[in-house]
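Descriptive analysis of the structure
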Amino acid sequence: MDFIAGAIGGGLSTAVGYPLDTVKVRIQTERRYNGIWHCIQDTYRTEKVRGFYKGVSASVLTVSVISSVSFGAYKNFLCALCKLRYGAADAKPSKLDVSLAGGAAGAARVVLMTPSEVAKVRLQTQRNPHPSVTTPQPVSKPKYRGSLHCLRVIAKEEGFGGLYKGCSALLCRDCSSSAIYFLTYSALCDWFTPAGKNKPGFLVVLLSGGFAGVLAWGLATPMDVIKSRLQTEESEQPKYRGLVHCARESVRREGAQVLFKGLGLNCIRAFPVNMLVFVTYEAVLRFTDHY
């Protein structure tokens, strides 16, 4: 059931947080914006509401699968660790056990996640003026017509490796942030749940999930910036030779603050999105347990 509950929570949260994710990606990859509000205004002025939802349909489906893998892998890794260390899968895990299981879950989802992340980032940074917006120059036909078309074009032009651009940055981002994510959620639930109660109340779940998301994204933002920059690159004109070169060049050109582009937006988006993830996850598990 952890796989199903994770899938439902992940899909719902993506639909809610996607517009801010588009703004975040554009701020991280383009120097033309001088802030969040400027990016929102410019996107709406040129592309209207649909500009914020580029690639959302495929993203909801893929994030559902990825979230399912993440929560399912976390639970299974945690049970395996408890069985190995304490002799019983249902033994109370330590904070180290939770962190290790969270990190392993983050690594497990990267294989599935990278191609969809590449397609999402390419679509989010692609400019398609809305028909109602007049432009002085003729509008060129968009290179990518949708998520699947984007993946096909990348595979054709850049090979299989193109689908896994930024994989190293994504692995660094997700292993560390996933460990913090599950550890924070578990610790806060334990802390706020009264003695004698087996499960946290839904208010505790909401707050713990929200704060877990904020802390995880606070840690993940530098690698998220590097990942986005690596994934927007096309094979014809690569600027970066890899993770370290991208980080070094970005800092050299724009200063150390470049690694924290989108930090505020990530944290603003993370709180409601992860509240929804965990409350949906817990609700589905409790519903199935009850019936």
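Residues numbered from 1 in each chain as written. Predicted model: local features only at pLDDT ≥ 70, side-chain atom pairs only at ≥ 80, totals over all residues. Heavy atoms only, no water.

**Some remarks on the layout of surface pockets**
Put simply, the rule reads: Each cavity reported here is a set of points on a 1 Å grid over the protein atoms alone in which a 1.4 Å probe fits but cannot get out, each pocket an open set with protein on both sides within 12 Å along at least five of seven lines, and each lining residue one with an atom within 4 Å of a point. Grid points are joined across faces, edges and corners, and a volume is the space filled by probe spheres set on the points. Going along the chain from the N terminus, every DSSP run of H or I of four or more residues is numbered as a helix, and every run of E of two or more is numbered as a strand. We call Asp, Glu, Lys and Arg charged. Ala, Val, Leu, Ile, Met, Phe, Trp, Tyr, Cys and Pro are nonpolar, and the rest, Gly among them, are polar. For each domain, the first and last residues come from an automatic or database assignment.
One number sums up the size of the largest pocket: a volume of about 980 Å³. In this structure, the largest pocket is lined by 32 residues; those nearest its centre are Lys75, Asp190, Asn198, Pro200 and Glu282. When residues of the lining of the largest pocket are traced back to their parent elements, those giving at least two are helix 3 (56-86), helix 4 (95-124), helix 6 (167-192) and helix 9 (263-290). Classifying every residue of the lining of the largest pocket gives 17 nonpolar, 4 polar and 11 charged. In terms of domain composition, the lining of the largest pocket takes at least three residues from each of domain 1 (65-128 + 143-165) and domain 2 (166-260).

**Let's talk about the environment of Tyr281**
Note the cut-off: Buried residues are those whose accessible area, probed at 1.4 Å on protein chains only, stays under 20% of the maximum for their type, while exposed residues exceed 50% and partly exposed ones sit between those limits.
Following the sequence through the fold, Tyr281 ends up in helix 9. Overall, the relative accessible area of 7% leaves Tyr281 in the buried class. Spatially, the C-alpha atom of Tyr281 lies 9.8 Å from that of Val205, the residues being 76 residues apart in sequence.

**Considerations on the packing of helix 4 against helix 5 (residues 147-158)**
What counts here: Each axis is a line fitted through C-alpha atoms, taken for helices only over the stretch in contact, and angles between the N-to-C directions span 0 to 180 degrees. An angle below 35 degrees is treated as roughly parallel, one above 145 as roughly antiparallel, one from 65 to 115 as roughly perpendicular, and anything else as oblique. Residue contacts are counted whenever heavy atoms from the two residues lie within 4.5 Å of one another.
Where helix 4 contacts helix 5, the two axes come as close as 9 Å, and the packing angle between them is 105°. Relative to helix 5, the element helix 4 is oriented roughly perpendicular. Contacts between helix 4 and helix 5 involve Pro115, Val118, Ala119, Arg122 and Leu123 on the former and, on the latter, Ser147, Cys150, Leu151, Ile154 and Glu158.

**Notes on a nonpolar patch on the surface**
Definition in use: For patch detection, residues must exceed 30% relative accessible area and be free of salt bridges, and they are connected within 9 Å for like charges or within 5 Å for nonpolar side chains (Val, Leu, Ile, Met, Phe, Trp, Tyr). Only the protein chains shown count as cover for residues, and all accessible areas are computed by the Shrake-Rupley method using a 1.4 Å probe. Whenever a carboxyl oxygen of Asp or Glu lies within 4 Å of a side-chain nitrogen of Lys or Arg, that contact is scored as a salt bridge.
There is a patch of nonpolar side chains on the surface, built from Tyr44, Val49 and Tyr53 and spanning about 300 Å² of accessible area. For Val49, the location among the structural elements is in the loop between helix 2 (36-47) and helix 3.

**Observations concerning the packing of helix 4 against helix 7 (residues 202-232)**
Relative to each other, helix 4 and helix 7 sit at 75°, their axes nearing to 9 Å. Relative to helix 7, the element helix 4 is oriented roughly perpendicular. Residue-level inspection shows Thr114, Glu117, Val118, Val121 and Arg122 of helix 4 in contact with helix 7, the latter providing Lys227, Ser228, Gln231 and Thr232. Its residues assigned to classes, the contact of helix 4 with helix 7 shows 2 nonpolar, 4 polar and 3 charged.

**Side note on the packing of aromatic side chains**
Put simply, the rule reads: Each pair of aromatic rings taken from Phe, Tyr and Trp, with Trp reduced to its six-membered ring, is defined by centres within 6.5 Å and is described as stacked if the planes are under 30 degrees apart, edge-to-face if over 60, and tilted in the remaining cases. Any Lys NZ or Arg CZ that is within 6 Å of a ring centre and within 35 degrees of that ring's normal is treated as a charge sitting over the ring.
Under the counting rule described, the total for this entry stands at 10 aromatic pairs. With a centroid separation of 5.5 Å and 75° between ring planes, the pair formed by Phe71 and Phe278 is classed as edge-to-face. Residue Phe71 is located in helix 3, and its partner Phe278 is located in helix 9; the two are separated by 207 residues in the primary sequence. Neither residue differs from the other here; Phe71 and Phe278 are each classed as buried. Here Tyr185 and Phe278 contribute two aromatic rings whose centre-to-centre distance is 3.8 Å and whose plane-to-plane angle is 10°, an arrangement assigned as stacked. Linking Tyr185 in helix 6 with Phe278 in helix 9, this pair joins segments that are 93 residues apart in sequence. You can call Phe278 buried: its relative accessible area is 1%. Feature note: the residues Phe71, Tyr74, Tyr181, Phe182, Tyr185, Phe278 and Tyr281 constitute an aromatic cluster, connected by ring pairs. The ring of Tyr44 is capped by Lys48, whose NZ or CZ atom sits 5.1 Å from the centre of that ring.

**What about the pattern of salt bridges?**
Under the counting rule described, the total for this entry stands at 24 salt bridges. For Asp190, the salt bridge goes to Lys95, with nearest N and O atoms at 3.9 Å. Taken together, the residues span a long stretch of sequence, with Asp190 in helix 6 and Lys95 in helix 4 at a distance of 95 residues. Owing to a relative accessible area of 44%, Lys95 belongs among the partly exposed residues under this scheme. A cluster of three or more residues bridged by salt bridges with shared partners is formed by Asp21, Lys24, Arg109, Lys120, Arg173, Asp174, Asp224 and Arg269.

**Looking at the nonpolar core**
Selection criterion: The nonpolar core is taken to be a set of buried Ala, Val, Leu, Ile, Met, Phe, Trp, Tyr and Cys residues, with the residues joined through side-chain atoms within 4.5 Å.
Of all hydrophobic cores here, the largest spans 22 residues; its most connected members are Phe71, Tyr74, Tyr181, Phe182, Tyr185 and Phe278. Among the elements of the structure, helix 3, helix 4, helix 6, helix 7 and helix 9 are those that each provide at least two residues to this core. Looking at this core, you find at least three residues from each of domain 1 (65-128 + 143-165) and domain 2 (166-260). Discounting chain neighbours no more than four positions away, the residues touching Tyr181 are Phe71, Ala212, Gly213, Ala216, Asn274, Val277 and Phe278.

**Focus on the UniProt feature "transmembrane region" (unreviewed entry) in the protein chain**
Note the cut-off: UniProt positions are given in the numbering used here, feature names are shortened, and annotations may be inferred rather than shown by experiment.
As annotated by UniProt and renumbered to match this structure, "transmembrane region" (unreviewed entry) occupies residues 201-220. Across residues 201-220 one finds 95% helix and 0% strand; the C-alpha atoms that close the span lie 28 Å apart.

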